[in-house]
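Coordinate analysis (summary)
Below, each chain spelled out in residue letters.
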Protein chains: 2
Amino acid sequence: MATSRDVARIAGVSQPTVSRVLNGNPRVAEEIRQRVVQAMDELGYIPNTSAKAMRTARSGAVGIVASEILNPYFPRLLDTLTREARARDLGVVLWNDADPAAPMAEAGVKGGVVDGVVFTAVLAGGQGPTLLAEHGVPVVVVNRAEANCPVDHVTSDHEATGYASAAYLLDHGRSDLAVVAGPRDSLASPAREHGLRRCLDERGVQVGEERWLVGTTSYEHGLAASERLLRSGPMPGAVYCTADVIAFGLMSGLRRNGVRIPEDVWVMGNDGLPMAAWDAFDLTTQRQPVEEMAQRGLELLAQRMAGDAGATRRVLLPTALEVRGSTAHA
Amino acid sequence: MATSRDVARIAGVSQPTVSRVLNGNPRVAEEIRQRVVQAMDELGYIPNTSAKAMRTARSGAVGIVASEILNPYFPRLLDTLTREARARDLGVVLWNDADPAAPMAEAGVKGGVVDGVVFTAVLAGGQGPTLLAEHGVPVVVVNRAEANCPVDHVTSDHEATGYASAAYLLDHGRSDLAVVAGPRDSLASPAREHGLRRCLDERGVQVGEERWLVGTTSYEHGLAASERLLRSGPMPGAVYCTADVIAFGLMSGLRRNGVRIPEDVWVMGNDGLPMAAWDAFDLTTQRQPVEEMAQRGLELLAQRMAGDAGATRRVLLPTALEVRGSTAHA
DNA sequence: CTGAAAGCGCTAACAT
DNA sequence: ATGTTAGCGCTTTCAG
């Protein structure tokens, strides 16, 4: 592999001059610059990343901590994050790490592999972001809003979304609700439940324990929940699911048992997956601005990496209610 | 950030001794080793990756070239690839790069960011793998089998899968077929079409041009195809789609128009997405061993990175026919 | 505007 | 078994 010395030799200049050309240093004579550039692409020269990183103590890369690659919303997030990184000439290192302490990220940061970290993991109580932030590492948390975590956050407003979802259902006369929720140790689902509960409390609506089913964020949980609901008495007027995939499973289970949607029961999801619009589901949901979250998240991170030391920011993006046939009214 | 010199000072040894402990060099006295280890975690020491990479001319990371993050099978691939990489203590750098020349990978390799590359991009005719291989870079291509490309490949046998799919349909008396295929500049779809065609030719079965619809790998293409089929005459006995998502769209479009599946027409997909098993689709398909492809792919790559210079290998993994309700027979 | 010299943190020879 | 020395390829003073 060609080095800057090789380039220098070919161009008949000193090696530091090559470095200056590389970094756009203006104090290089145009004629010399030309010679160097020509030598560079004659050799197909690419500067050695490790050497540059060691010398400058910056890697030019960001890390992404993910524990949820198989979650249906994750690809959109990752796609946007990688594009935004590329647009800023930042490399992307991916850590598939479910440990809330984020040991891979810590090692990556301390080892100088990355200059900043995007946390996308859904588990709550993770000390990872806080630990890194305390070491002065630029960090942004995307799609979760952890309390007492002194780092930048970009997330959809799960609590408000839960509230709005309940309000929508109640406003349309569906006051006997059931809820099928994702895991309690995640962040999105409990926040949505919390918002929902707040609205219910305000309006004096009760939901029995047997109609508030907590499980995983999965089709299977929705399927199982449908069985539970069918056995535990008459159909509620509406079922709110904290995730679209849960709703997909729920609808399948209900239909297997001859329950019609929306005639016999309304079903509502939350996430706004593109799939929710498909005929097979036609699911009313709350669309999360996943792409915008990723874009704003990387923007914030890039600012921090550029030295911005301002106060911690929390960006709460609104979700959009998408009404479809699963709650069709008039 | 602590360096090996700091560790050495604390432990009262020379800096290279720290390096020896780090690399498990056996010629270190146990007592000294203990002192060094203790100093290390006293300081929370993590060796600098750039320095090590520069010195050894190895980064300890692999690159993944992806242009299809949003494809529904990609997350499973990525999830497995990252796990397998971690199991081998390899970092993962992700390039979201649709350019078939794979400029990001080339820069990454030349810059010493990675020691090997996994290509997962679906576009055909990409010069990327060949270019890198010619430079002696370990490369593996996953889920496509490009002709005249002298690098390791791991892929499901798309051609055989197409053949087997046609045989299944014909064996069950469905001899008037329609085909809805993905893009011609991809690799999987044309190979599947080719296998299909081979079987049809062997059995003297004809498929009219108006019943062989090529488009993108998307729900929308399937939806549009259903309209075309409905307009172009009587329903065929079966429709084979080169991808599950296409089949999902097709089924939606058909059902909108009162066509029943499988009573009026059989529908078959190809990919074996977990979703295909959901009630809403209940789709007969060919399951690709995505996880195994990823696992074998990284295994091969790791061997090459470890110096294996044997002949280029092509691993063709079989798919598994999963018969479901969309082609239900007796 | 350009070159000479130093050094980032580590590993690999070499010396003891 | 351990320490000393050198150098990976680059950027950054410092001279000139």
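Residue numbers restart at each chain and count upward from 1, following the sequence in its written direction. For naming, the first written chain is A and the first written ligand is 1, with later ones following in the order written. Confidence filtering applies because this is a predicted model: local features only for residues at pLDDT of at least 70, side-chain atom pairs given and counted only at 80 or more, and all residues used for totals across whole chains, interfaces and linings. Values reported for side chains reflect all heavy atoms of the structure, with hydrogen atoms and water molecules removed beforehand.

Quick look at unusual backbone geometry
Negative phi characterises most residues that are not glycine, and trans characterises most peptide bonds. How we decide: Strands here mean DSSP runs of E at least two residues long; helices mean DSSP runs of H or I at least four residues long; both are numbered from the N terminus.
Residue Pro262 of chain A is bonded to the preceding Ile261 of chain A through a cis peptide linkage, with omega at 10°. Its location among the elements puts Pro262 of chain A in the loop between helix 11 (244–256) and strand 9 (266–268). Backbone geometry places Asp271 of chain B, a non-glycine residue, at a positive phi of 155°. Among the secondary structure elements, Asp271 of chain B is positioned in the loop between strand 9 (266–268) and strand 10 (285–287). Positive phi, close to 50°, is recorded for Asp282 of chain B, a residue that is not glycine.

Remarks on the interface of chain B and chain A
As a reminder, the rule being used: Any two residues whose heavy atoms approach within 4.5 Å are treated as being in contact. What gets called buried area is simply the loss in accessible area from a 1.4 Å probe that two parts show on being joined, summed for both. One side-chain nitrogen of Lys or Arg within 4 Å of one carboxyl oxygen of Asp or Glu is enough to make a salt bridge. N or O atoms within 3.5 Å of each other form a polar contact, as long as, within protein, one can give a hydrogen and the other can take it, and as long as residues adjacent in sequence are counted only when both atoms are side-chain atoms. Residue polarity follows a fixed list, in which Ala, Val, Leu, Ile, Met, Phe, Trp, Tyr, Cys and Pro are nonpolar, Asp, Glu, Lys and Arg are charged, and the others, Gly among them, are polar.
In this complex, chain B contributes 40 residues to the contact, which on the side of chain A involves 40 residues. Between chain B and chain A, a total of about 3700 Å² is buried, with carbon and sulfur atoms accounting for 65% of that surface. One can count 2 salt bridges joining chain B with chain A. In this structure, Asp279 of chain B and Arg256 of chain A form a salt bridge, with 2.5 Å as the shortest nitrogen-oxygen distance. Across the chain B-chain A interface, the total number found is 14 residue pairs in polar contact (both at pLDDT 80 or more). The set of elements that each furnish at least two residues to the side of chain B that touches chain A consists of helix 4 (49–56), helix 5 (74–87), strand 2 (91–96), helix 6 (103–110) and helix 11 (244–256) of chain B. In terms of residue count, the dominant contributor to the side of chain B that touches chain A is helix 5 of chain B (7 residues). Across the side of chain B that touches chain A, the residue classes break down as 23 nonpolar, 9 polar and 8 charged.

Re the protein's contact with DNA strand C
Keep this limit in mind: Only a single heavy atom is needed: when it lies within 4 Å of a molecule or strand, its residue is near that molecule or strand.
Surveying the vicinity of DNA strand C reveals 26 residues, the closest of which are Arg20 of chain A together with Ser4, Ser19, Tyr45 and Arg55 of chain B. The share of sugar and phosphate among atoms of DNA strand C within 4 Å of the protein is 56%. Within the side chain of Ser14 of chain A, one N or O atom sits 2.9 Å away from a phosphate oxygen of DNA strand C. Contacts to DNA strand C include Thr17 of chain A, whose side-chain N or O atom sits 2.7 Å from a phosphate oxygen. Those elements giving two or more residues to the surface near DNA strand C turn out to be helix 2 (15–22) and helix 4 (49–56) of chain A together with helix 2 (15–22) and helix 4 of chain B. Top contributing element to the surface near DNA strand C by residue count: helix 4 of chain B, with 5 residues.

Some thoughts on the environment of Val117 of chain B
Residues and elements named next belong to chain B. How we decide: For each residue, the accessible area found with a 1.4 Å probe, counting protein chains only, is set against the maximum for its type, and the residue is called buried under 20%, exposed over 50%, and partly exposed in between.
Structurally, Val117 can be placed in strand 3 (residues 116–119). For Val117, a relative accessible area of 0% puts it in the buried group. Considering only alpha carbons, one finds Val117 and Leu298, 181 residues apart in sequence, at a separation of 9.4 Å. Filtering out sequence-adjacent residues up to four positions away, Val117 remains in contact with Gly63, Val65, Trp95, Ala105, Val109, Leu132, Pro138, Val139, Val140 and Leu301.

As far as function goes, none of this settles anything; it's purely spatial.
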